[in-house]
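# Fold and contact review
So you can see what is in the structure, the chains are spelled out below.
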Amino acid sequence: MFKKFMGVVTASVIAFTGGYAIAGTGHDYSTTHSVPKVNGRVIIAKSKMEQPPKDKSKIKTFVLDVESFELELLPGVKTEAWGFKPEGGRPSVPGPEIRVKEGDYVRVILKNTHALPHTIHFHGVDTPFDMDGADTTQAEGIPNGETFIYEFYAKVPGTHFYHCHYQTFLHLNMGMYGAFIVEPRKPDKVKADKEATLILDEWRVGEDEDNFALKNNWPYGYNYFTINGKAEPATEAIELKKGQSVKIRLINAGDMSHTMHLHGHKFLVTHTDGIELSAPYWKDSLSIGPSERYDIVMKADNESGVWMFHDHVMPAATNNGQYPGGMTMHIKY
Ligand SMILES: [Cu+2]
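Notes on the structure in this doc start here. The structure displayed is predicted, hence computed values, not measured ones.

## A few points about the environment of Asp201
- Within the secondary structure, Asp201 sits in strand 11 (residues 194-203).
- Separated by 21 residues in the primary sequence, Asp201 and Tyr222 have C-alpha atoms spaced 9.7 Å apart.
- Sequence-distant contacts of Asp201, that is, excluding residues within four places in its chain, are made with Thr226, Ala253 and Gly254.

## Some remarks on the sheet that holds strand 15 (residues 258-262)
- Spatially, the five strands line up as an open sheet ordered 13-21-20-15-18, and their pairing is mixed. The open sheet has two edge strands, strand 13 (238-239) and strand 18 (285-288), and neither has a second partner.
- Pairing of strand 20 (residues 306-311) with strand 21 (residues 328-332), which is carried by five bridges, proceeds in the antiparallel orientation. What sits directly across from Val306, in strand 21, is Lys332.

## Considering the sheet that holds strand 16 (residues 267-272)
- The six strands lie next to each other as 12-11-14-19-16-17, forming an open sheet whose pairing is mixed. Strands at the two margins of the open sheet, each flanked by one partner only, are strand 12 (224-227) and strand 17 (275-283). Adjacent strand axes in the sheet meet at a mean angle of 25 degrees when their direction is disregarded.
- Of the strand pairs in this sheet, strand 16 and strand 17 are connected by five bridges, and their pairing is antiparallel. Paired with Thr272 across the bridge in strand 17 is Ile275.

## Brief notes about the environment of Asp126
- Residue placement: Asp126 occurs in the loop between strand 7 (121-123) and strand 8 (146-153).
- The spatial distance from the C-alpha of Asp126 to the C-alpha of Lys155 is 7.8 Å, given a sequence separation of 29 residues.

## Some points on the environment of Val125
- Mapped onto the fold, Val125 is located in the loop between strand 7 and strand 8.
- In the structure, Val125 is positioned 32 residues away from Pro157 in sequence and 7.9 Å away in space, judged by C-alpha atoms.
- Setting aside its immediate chain neighbours within four residues, Val125 contacts Ala154, Val156, His160 and Phe180.

## Quick word on the nonpolar core
- Grouped together as the largest cluster of nonpolar side chains are 74 residues, with contacts concentrated most on Val108, Leu110, Tyr150, Met176, Phe180, Leu200 and Leu250.
- Each of domain 1 (2-183) and domain 2 (194-332) contributes no fewer than three residues to this core.

## So, the pairing of strand 14 (residues 245-252)
- Counting buried positions along strand 14 yields seven of eight residues, so the element is predominantly enclosed.
- The pairing of strand 11 with strand 14 spans seven bridges and is parallel. Pairing of Ile199 across the sheet is with Ile251, part of strand 14.
- In terms of strand pairing, strand 14 meets strand 19 (residues 293-299) through seven bridges, oriented antiparallel. Within strand 19, the residue paired with Leu250 across the bridge is Tyr294.

## Focus: the pairing of strand 3 (residues 59-74)
- Of the pairings in the sheet, the one linking strand 3 to strand 6 (residues 105-112) comprises six bridges and is parallel in character. Looking across to strand 6, one finds that Phe62 is bridged to Val108.
- Linkage of strand 3 to strand 4 (residues 77-86), two consecutive antiparallel strands, is achieved through a turn of two residues, within which Gly76 is found at a positive phi near 90 degrees.

Rules used throughout
Residues numbered from 1 in each chain as written. Predicted model: local features only at pLDDT ≥ 70, side-chain atom pairs only at ≥ 80, totals over all residues. Helix = DSSP H or I, 4+ residues; strand = E, 2+ residues; numbered from the N terminus. Contact = placed C-beta atoms within 7 Å. Pairing = 2+ DSSP bridges. Axes fitted to C-alpha atoms, helices over the stretch in contact; angles between N-to-C directions. Core = buried A, V, L, I, M, F, W, Y, C linked by C-beta atoms within 7 Å. Buried ≥ 20, exposed ≤ 12 C-beta atoms within 10 Å, placed from the backbone. Domains from an automatic or database assignment.

Here is the structure:
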């Protein structure tokens, strides 16, 4: 695999001369993080547009790898997934949350030991273009055995996400995404007692002849629908105390629009795509398109109970056509 990509990678490094340096020739990263030892070469990316801060404590480092694994969507339903994993950790869908503060210098080290090439794109973070990780700017991806170091200032506060942007339709579908949260310098105007991040996604699982979605012409044959990689009844509830409030960061990492409806409560929409609204507005059903993010705040101010929060695009509230299921979860207090 490595040999196969050698020539291609060399070419891409040459194409980016001026923007990139090979390990040992440009930067010394040893003061904050040892450069990971890998089978192949380490490509250190140095943005032409931004310089790291002198104060090393302002540099936040994350090391990610990719691994194939079996993701259990709900008891008895498993599918192959490709998950991001932290160094020494286990792969997961979503991948580990990256959380930094506005103004931090972020260093994300993609140390790829997976069989296929991958990249990381930081959606909504607005990095310099040479850190964009897109199919067009990193056309060959980061192949097996190689490491790429993304570096940029976290200038844009809010709820964002990162995902592989190599053969994106397939790789994003295999679960290669995670939350990227930039906490704002100036605290949010609407405060909450707790926080939860919910990432929506769809899956096509099992043999096509058993696929309820294909028989009913649902988009792309998606027949399982997840919140944080789990379908009802395996989704995790948000537990509150009466009177408590929760800020929910909704991220749509899938290919379909979903309309999240909360029973028994209104919620305040405070941010769209990470941007704080000057005039937050109340809703009880919120449509969220692919790649959109919404921050909402709800308060446990009705009767104590187990309140449903679910996609009102009803096919996505099933497991292969069996209702209830899919993008359904509960808020308990
Ligand atoms: Cu990928």
